[in-house]
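Chain by chain, the residues:
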Amino acid sequence: MILLAIPNIGPLEGEYLQTCVDTNFVSTVGPFVTRFEKEVAELHGADHAVAVAAGTMGLHAACMVAGVKPGDLVIAPSFTFIASANSIAHSGASPWLIDIDPASWTMSPDALEAALAEDAEQLGSDWIHKPSGRRIAAIMPVYTLGTLPDMDRIGAVARRYGLPVIADAAAAIGVTYKDGPIAPLADLTVFSFNGNKTITTGGGGMVIGNDEALLKRARHITTTARVSRDYEHDEIGWNYRMTNMSAAVGCAQLERLPGFLERKRAIRLRYDAELGDLPGVERFPSPDAAQSTYWFSGVVLTDQARKTVAGLCEALKGHGVEARPFWRPVHLQKPFADAPRADLKHSEALWSRIVTLPCSTGLTEDEQTVVIEAVRAELG
Ligand SMILES: *Cc1c(COP(=O)(O)O)cnc(C)c1O
């Protein structure tokens, strides 16, 4: 089987893991954690970073330090992986779901502006969501497939309403925005190093940002809110810390990141070139290089396609190719069925038409040829 998105682990990862064993630094303290934080922060123009054991934990910590409180709302796109919404719910808040721009699959600034203009009302220094009476606490744009939304406009809206921006950059490691670093675009930016992301630490995440106080607080609450070595804690904290073994893998992966990003882009461009002409097939959004990490690739099927999404995934199995649908929007998920929402027509029209295709950084040209020939045989 040619699998969808699997880790790409080599001798360098093995060497660094052996260093952990040799030095006995296997747990939550160690030189690789410090190095990994420093390097990820520098790569994205951030002064501070806190490594955690999962992207979801990073998003949860970011929500808490950004001041999201029980009962609040956080504005987020419905078209995202459920972890974005879960992290908001873990903070006791609820997502307020808005639509995406169909050209980029990222949060629509028009939808954001319209939702706030229609439903937000100022009360002292807060903005309240009129229909529910709940406080609006933050905006969480998602860098879908490693592509940023129009962050200039989203940032301007955030400033106008005094809302912090928590960027779900889970799949955006290594991306830039208008040739500049991404950390300054949000108060807090969160990455994931899950096994299917561009680089992996087995499981892991990181919060980066330029506000020292926020990041210090993120470190504090993710390490049991410890104030001294003699078991004194000043609040209820979490044990969310990344281990040195995970960070060792992360450091090795980061050295290989430029090659991984190049490969992801080449895979996307080749699918676009060799599948984009099929009847009923549309391409994934492909912004210019450096504006996306092209995390996942595949095809979007219209009504004219020869197969349905389920039909194509099933048929590709017969060719030894793993293919899967993509994110079911948050508003269609049982735990978020009652979340406040704006009009979601673009999310509704898109999600059920996507087929993701093998796009691991280790995918060979020959393997991609097999995938392309299989898709062409089924849809051509
Ligand atoms: C992967 C992902 C996450 C969650 O990261 P984990 O490390 O799996 O907890 C959150 N948001 C998005 C958009 C993701 O793709």
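I will try to describe carefully the structure that is included in this document. Source: prediction; values computed, not measured. Throughout, residues of each chain are indexed from 1 in the direction in which the sequence is written. At least 70 in pLDDT is required for a residue's local features to be given in this predicted model, at least 80 for side-chain atom pairs to be given and counted, and no such filter applies to totals for whole chains, interfaces and linings, which use all residues. Think of the side-chain values as coming from all heavy atoms in the structure, minus any hydrogens and water.

**Quick notes on the overall build of the protein chain**
Okay, step 1: Secondary structure elements are defined from DSSP: runs of H or I of at least 4 residues count as helices, runs of E of at least 2 residues count as strands, and each element is numbered from the N terminus. Assigned secondary structure in the protein chain consists of 12 helices and 16 strands.
Okay, step 2: Here the globule rule is a power law, 2.2 Å times the number of residues to the power 0.38, and the radius of gyration is based on C-alpha atoms. For a compact globule of 380 residues, the expected C-alpha radius of gyration is about 21 Å, and the protein chain comes in at 21 Å, within 12% of that figure.
Okay, step 3: Summarising its shape, the C-alpha atoms of the protein chain cover approximately 65 × 60 × 40 Å along the three principal directions.
Okay, step 4: Expressed as a percentage of the 380 residues in the protein chain, the buried residues total 55%.
Okay, step 5: Of the contacts formed within the protein chain by residues at least 6 apart in sequence, a portion of 71% connects residues at least 24 apart.
Okay, step 6: Computed with a 1.4 Å probe, the accessible areas rest on the Shrake-Rupley method; for each residue, only the protein chains presented here act as cover. A total of about 15,700 Å² of accessible surface is found on the protein chain, and carbon and sulfur atoms cover 52% of it.
Okay, step 7: As used throughout, the charge tally considers Lys and Arg to be positive and Asp and Glu to be negative, leaving His and the chain termini uncounted. Think of each charge as sitting on NZ of Lys, CZ of Arg, CG of Asp or CD of Glu. Within the protein chain, the 45 negative side-chain charges are centred at a point lying 2 Å from the centre of the 34 positive side-chain charges. Buried means the residue's accessible area, taken with a 1.4 Å probe over protein chains only, is under 20% of the maximum for its type, while exposed means over 50%, and partly exposed covers the values in between. In what follows, a contact means two residues having at least one pair of non-hydrogen atoms within 4.5 Å.

**Side note on the sheet that holds strand S1 (residues 48–52)**
Okay, step 1: Paired strands, in this sense, are two strands between which DSSP finds at least two bridges. Read across the open sheet, the 4 strands follow the order S1-S11-S10-S9; overall the sheet is mixed. Each edge of the open sheet is held by one strand with a lone partner, namely S1 and strand S9 (166–168). Direction aside, neighbouring strands of the sheet carry axes that sit 20 degrees apart on average.
Okay, step 2: Angles run from 0 to 180 degrees between N-to-C directions of axes, and those axes are lines fitted to C-alpha atoms, restricted for helices to the stretch in contact. Across the sheet, helix H7 (residues 212–222) lies against S1, strand S10 (188–192) and strand S11 (205–209), angled at about 20 degrees from S1, the strand it touches most.

**Details of the site of the ligand**
Okay, step 1: The immediate surroundings of the ligand are formed by 17 residues, with Gly55, Thr56, Asp168, Ser192 and Lys197 found nearest.
Okay, step 2: The contact in question runs from a nitrogen atom of the ligand to an N or O atom on the side chain of aspartate 168, over 2.7 Å.
Okay, step 3: Polar contacts, as counted here, are pairs of nitrogen or oxygen atoms within 3.5 Å of one another; within protein the pair requires one atom able to donate a hydrogen and one able to accept it, and residues that are adjacent in sequence qualify only if both atoms are side-chain atoms. Within the side chain of serine 192, one N or O atom sits 2.7 Å away from an oxygen atom of the ligand.
Okay, step 4: When the ligand is considered free in solution it has 380 Å² of accessible area, and contact with the protein chains removes 91% of it. Any residue with a heavy atom positioned within 4 Å of a molecule or strand is treated as near that molecule or strand.

**Points about helix H1 (residues 11–23)**
Okay, step 1: One less than the number of residues in a helix, times 1.5 Å, gives the span that helix is expected to have. In a regular helix each residue adds 1.5 Å, so 13 residues correspond to 18 Å; H1 covers 18 Å between its end C-alpha atoms and thus fits that length.
Okay, step 2: For H1, every residue scored as buried is listed here: Glu13, Tyr16 and Cys20. All buried residues of H1 fall inside an arc of 70 degrees around its axis, so they share one side. With respect to the buried face of H1, the exposed residues turned more than 90 degrees away are Pro11, Val21 and Asp22.
Okay, step 3: Elements in contact with the buried residues of H1: helix H2 (31–43) and helix H8 (244–255).
Okay, step 4: One or two positions beyond H1, positive phi appears at asparagine 24, with a value near 70 degrees. Comment: arc refers to directions from the helix axis out to C-beta atoms.

**Here we look at unusual backbone geometry**
When glycine is set aside, most residues are seen to have a negative phi, and most peptide bonds are trans.
Okay, step 1: In this model, leucine 145 sits at a positive phi of 60 degrees, which is unusual for a non-glycine residue.
Okay, step 2: With respect to the helices and strands, leucine 145 occurs in the loop between strand S8 (134–139) and helix H6 (151–161).
Okay, step 3: For threonine 224, which is not glycine, the phi torsion reads 60 degrees and is therefore positive.

**So, the sheet that holds strand S3 (residues 94–98)**
Okay, step 1: Strand order in the open sheet formed by 5 strands is S3-S2-S8-S7-S6, with mixed pairing between adjacent strands. The open sheet has two edge strands with one neighbour each: S3 and strand S6 (120–123). Strand-to-strand, the axes of this sheet are offset by a mean angle of 50 degrees, without reference to chain direction.
Okay, step 2: Both strand S2 (residues 73–77) and S3 contribute to a ladder of 5 bridges, which runs parallel. The partner of leucine 73 across the bridge, within S3, is serine 94.
Okay, step 3: The sheet strands contacting helix H5 (residues 109–119) are S2, S3, S6, strand S7 (126–129) and S8, and the helix crosses S3 at an angle near 115 degrees.

**What about H7?**
Okay, step 1: Within H7 the residues assigned to the buried category are Leu214, Leu215, Ala218, His220, Ile221 and Thr222.
Okay, step 2: Looking at the packing, one finds that the buried side of H7 touches S1, helix H3 (55–65), S10, S11 and strand S12 (226–228).
Okay, step 3: Backbone nitrogen of alanine 213 and a side-chain oxygen of the N-cap are separated by 3.0 Å at the start of H7; the cap is aspartate 211.

**Topic: the pattern of salt bridges**
Okay, step 1: Between Lys or Arg on one side and Asp or Glu on the other, a salt bridge is scored when a side-chain nitrogen of the former is within 4 Å of a carboxyl oxygen of the latter. Evaluated as defined, the whole model comprises 22 salt bridges.
Okay, step 2: Of the charged contacts, one joins glutamate 39 and arginine 35 as a salt bridge, the two residues approaching to 3.1 Å between their closest N and O atoms. Placement of the pair is glutamate 39 and arginine 35 together in helix H2, with a separation of 4 residues, close to one helical turn.
Okay, step 3: Overall, glutamate 39 belongs to the partly exposed group, its relative accessible area being 27%.
Okay, step 4: Measuring nitrogen to oxygen at the nearest pair gives 2.7 Å for the salt bridge that ties arginine 153 to aspartate 110. With arginine 153 in helix H6 and aspartate 110 in helix H5, the pair connects residues that are 43 residues apart, well separated along the chain.
Okay, step 5: On the basis of relative accessibility, which here comes to 29%, the residue arginine 153 falls in the partly exposed class.
Okay, step 6: Each of the salt bridges in this network shares a partner with another, and the network as a whole consists of Asp110, Glu113, Arg153 and Arg160.

**Topic: the pairing of S7**
Okay, step 1: In this structure, S6 lies alongside S7, joined through 4 bridges in antiparallel fashion. Bridge assignment links glutamine 122 to a residue of S7, and that residue is tryptophan 127.
Okay, step 2: Once S6 ends, the chain turns through 2 residues before running back antiparallel as S7, passing glycine 124 with a positive phi of about 60 degrees.
Okay, step 3: By the bridge criterion, 2 bridges tie S7 to S8 in an arrangement that is antiparallel.

Any link to function would need more than the numbers given here.
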